[in-house]
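Each chain, letter by letter, is given below.
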Amino acid sequence: MSVALYARGGGGGGAKAAAAAARRPVRGRRRAAVVLLLALAYVAGLLVFVLGGGGGRSEAGRAGVTVASLRRRRAPSPPPPGSVYRSHLVFERLWPDIRDDASSASAAASLSSTSWRRSMLMTSHYQNPGELWMPCINRRLIRSELPPSNGYLMIEANGGLNQQRLSICDAVAVASVLNATLVIPAFHFNSVWRDHSKFGDIFDEDHFIEILKEHVRVVKELPADVMVRFNHNISSIPNMRTKAYSSPNHYVQKVLPKLLELGVVRIAPFSNRLAQSVPSNLQALRCFVNYQALRFSEPIRVLAEDMVERMVKRSTLTGGKYVSVHLRFEEDMVAFSCCTYDGGLKEKIEMENARERSWRGKFHRHGRVINPDANRRDGKCPLTPLEVGMMLRGMGFDNTTSLYVASGKIYNAEKYMAPLRQMFPLLATKDTLALPEELAKFEGHSSRLAALDYTVCLPSEVFVTTQGGNFPHFLMGHRRYLFGGNAKTIKPDKRKLVLSFDDPNIRWGRFKRHMQDILHHSDMRGTAYRKPNDSIYTYPMPECMCQQDGMI
């Protein structure tokens, strides 16, 4: 009956039950969807936290492992080897070994017939069997009676001592090409060198004119009648601006017509305004000017020769022979290099001020990138006095070696020179070789002071160059010219050198091996011949020197 009743009269309740039963799966699906959405939202939030670094402490705790691993992944990598100045740390570790090494070598030398020092300084480094070269400029110069002059050539030499020297030699060659009378060159006042010296303050004018008289006419100043035509104003004379490394043919085509028209031309500035490769007679003329016509003025010559004598007397332990070092660690050089050392914020401020003083705005131009780490790795940073000392001690020069240091005013000298003096107590500079009253007339004149350094470095047994520039390039060429084509020069590969100074835990034996490898590599480049784009002032062979039987 219940079934019948249900069938007949219980239809409403049954329908509701059926509908409810039908709705239950839908609600289940909705709840599952909500749960799924909540789960997805949680995962998404967690990902945002992990990738974005946000979130509260509780979430950070839940994702601690993941965050820590990401932080480890994002930590800055150590700088590449050689990027950072650590030489002072290396010195602190190695100094006891350096000191003890010299003591043990000295003791060993006293027990042997041949001094340990003799292998470094007391055996001539100028010998080069089978390749002895001699100056032979006169063979290469074409001599003939000078034709009437086409007019006067005026040039303005800029830069320091040896850049001025380069300009003078090139000016004589250009005057020869133009058949012009050269007016003694004017010197441009440079904001870095700050030297008001004139030609006659540095070089012997009368000697210069006399030596060149068979090759090029030279006068001290323009004649009065020429000056009148230009209202006694040099700036009224047309300036024939010339591109760097112009060929002799350029001067014939572009400058000569103006010279013939006006009787006088000037070229300012004139640094590097003649090509490296020119006919052999012009190369010989360049050498003739550099090595014979240009000699320092008498005050410089007299004091410099006395300084050489004093240096020889100080070097009795090594038979009168000494090492000279061109140390480019002046404030302007350190600033220009954009390298960083161990002076911290104080050094950074000083270098920034120095750059602005001498090169206003140059280092802040749009697109300019300064990367001290890359500069050091690329070997572009000036060596500190400490690095020079450690390098030489590693190469085998002991504390009895007489060292002459050629330089301007060393940056932070009290700090940086102390370790070098510690390693080489027989160290001399122009300030210690000359009396204060002897140097007084040269103070404030960087080119004249550089001339003193140049003269003392020239006859040294070994010359060490620590940075590029005209001083070492001219000196290397001059020494090759004087000493049979091969004079001992140490020109270290600084890209390799900085790697040895990078590890504060390096051992002395390993450091020495690295230095001796660098020395060997430098020695292999002793005798060198000029390639087409090289400077005749650095490589006088073969245009200005001959093998074996050459004669001046």
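Residues numbered from 1 in each chain as written. Predicted model: local features only at pLDDT ≥ 70, side-chain atom pairs only at ≥ 80, totals over all residues. Heavy atoms only, no water.

## Remarks on the overall build of the protein
Here comes step 1: Counting secondary structure elements, the protein contains 24 helices and 12 strands.
Here comes step 2: For the protein, buried positions account for 47% of its 552 residues.
Here comes step 3: Put simply, the protein shows about 27,800 Å² of open surface, and 56% of that area lies on carbon and sulfur atoms. (Helix = DSSP H or I, 4+ residues; strand = E, 2+ residues; numbered from the N terminus. Buried < 20%, exposed > 50% of the residue type's maximum accessible area, 1.4 Å probe, protein only. Areas by Shrake-Rupley, 256 points an atom, 1.4 Å probe, with all protein chains shown as cover.)

## Notes on unusual backbone geometry
Here comes step 1: Residue Ala 268 is joined to Pro 269 through a cis peptide bond whose omega torsion reads 0°.
Here comes step 2: Among the structural elements, Pro 269 can be located in the loop between β6 (264-267) and α12 (280-293).
Here comes step 3: A cis amide bond links Met 541 to the next residue, Pro 542, at an omega of 5°.
Here comes step 4: Within the element layout of this structure, Pro 542 appears in the loop between α24 (508-523) and β12 (545-547).

## Some remarks on the confidence of the model for the protein
Here comes step 1: On average, residues of the protein score 84 in pLDDT, and 79% of them are at 70 or above.
Here comes step 2: For residues 1-12, every residue scores under 50 in pLDDT, and the model assigns this stretch three contacts once sequence neighbours within four places are set aside.
Here comes step 3: Counting interchain partners and residues more than four positions distant, the pLDDT-below-50 stretch residues 14-22 has one contact. (pLDDT = per-residue confidence, 0-100. Contact = heavy atoms within 4.5 Å.)

## Digging into the state of the cysteines
Here comes step 1: Per the counting criterion, the structure on display carries three disulfides.
Here comes step 2: The disulfide bridge from Cys 136 ends at Cys 546, spanning 1.9 Å between sulfur atoms. Since a negative S-S torsion denotes a left-handed disulfide, the Cys 136-Cys 546 link at about 80° is right-handed. In this pair, Cys 136 sits in the loop between β1 (133-135) and α6 (137-140) while Cys 546 sits in strand β12, placing the two residues 410 residues apart along the sequence.
Here comes step 3: Of the residues examined, Cys 546 reaches a relative accessible area of 8% and is grouped as buried.
Here comes step 4: Disulfide pairing places Cys 287 opposite Cys 544 at an S-S distance of 2.1 Å. An S-S torsion of about 85° defines the bridge between Cys 287 and Cys 544 as right-handed. Separated by 257 residues along the polypeptide, Cys 287 in helix α12 and Cys 544 in the loop between α24 and β12 bring together distant segments of the chain.
Here comes step 5: Given a relative accessible area of 2%, Cys 287 falls into the buried group.
Here comes step 6: For Cys 544, a relative accessible area of 0% corresponds to the buried category.
Here comes step 7: Each bonded cysteine in the protein gets a number by its place in the sequence, and the pairs come out as 1-6, 2-5, 3-4. (Disulfide = S-S within 2.5 Å.)

## Notes on the environment of Val 177
Here comes step 1: With respect to the helices, strands and loops of the structure, Val 177 is situated in helix α7 (residues 161-178).
Here comes step 2: Using a relative accessible area of 24% as the deciding quantity, one classes Val 177 as partly exposed.
Here comes step 3: For the pair formed by Val 177 and Val 216, sequence separation is 39 residues and the distance between their alpha carbons is 9.7 Å.
Here comes step 4: What Val 177 contacts, discounting residues up to four positions off in sequence, is Pro 248, Tyr 251, Val 252 and Leu 282.

## Description of the pattern of salt bridges
Here comes step 1: In total, this model carries 22 salt bridges according to the counting rule given.
Here comes step 2: A salt bridge links Arg 295 to Asp 204, with the nearest nitrogen and oxygen atoms 3.1 Å apart. Within this pair, whereas Arg 295 is found in the loop between α12 and α13 (298-314), its partner Asp 204 is found in the loop between α8 (199-202) and α9 (205-212), the two being separated by 91 residues in sequence.
Here comes step 3: Among the ionic pairs, Lys 346 bridges to Glu 350, the shortest N-O distance being 2.8 Å. Taken together, the residues Lys 346 and Glu 350, both in helix α15 (residues 344-358) and four residues apart, mark about one turn of the helix.
Here comes step 4: Connected through salt bridges with shared partners, the residues Asp 204, Arg 295 and Arg 301 form a single ionic network. (Salt bridge = Lys/Arg side-chain N within 4 Å of Asp/Glu carboxyl O.)

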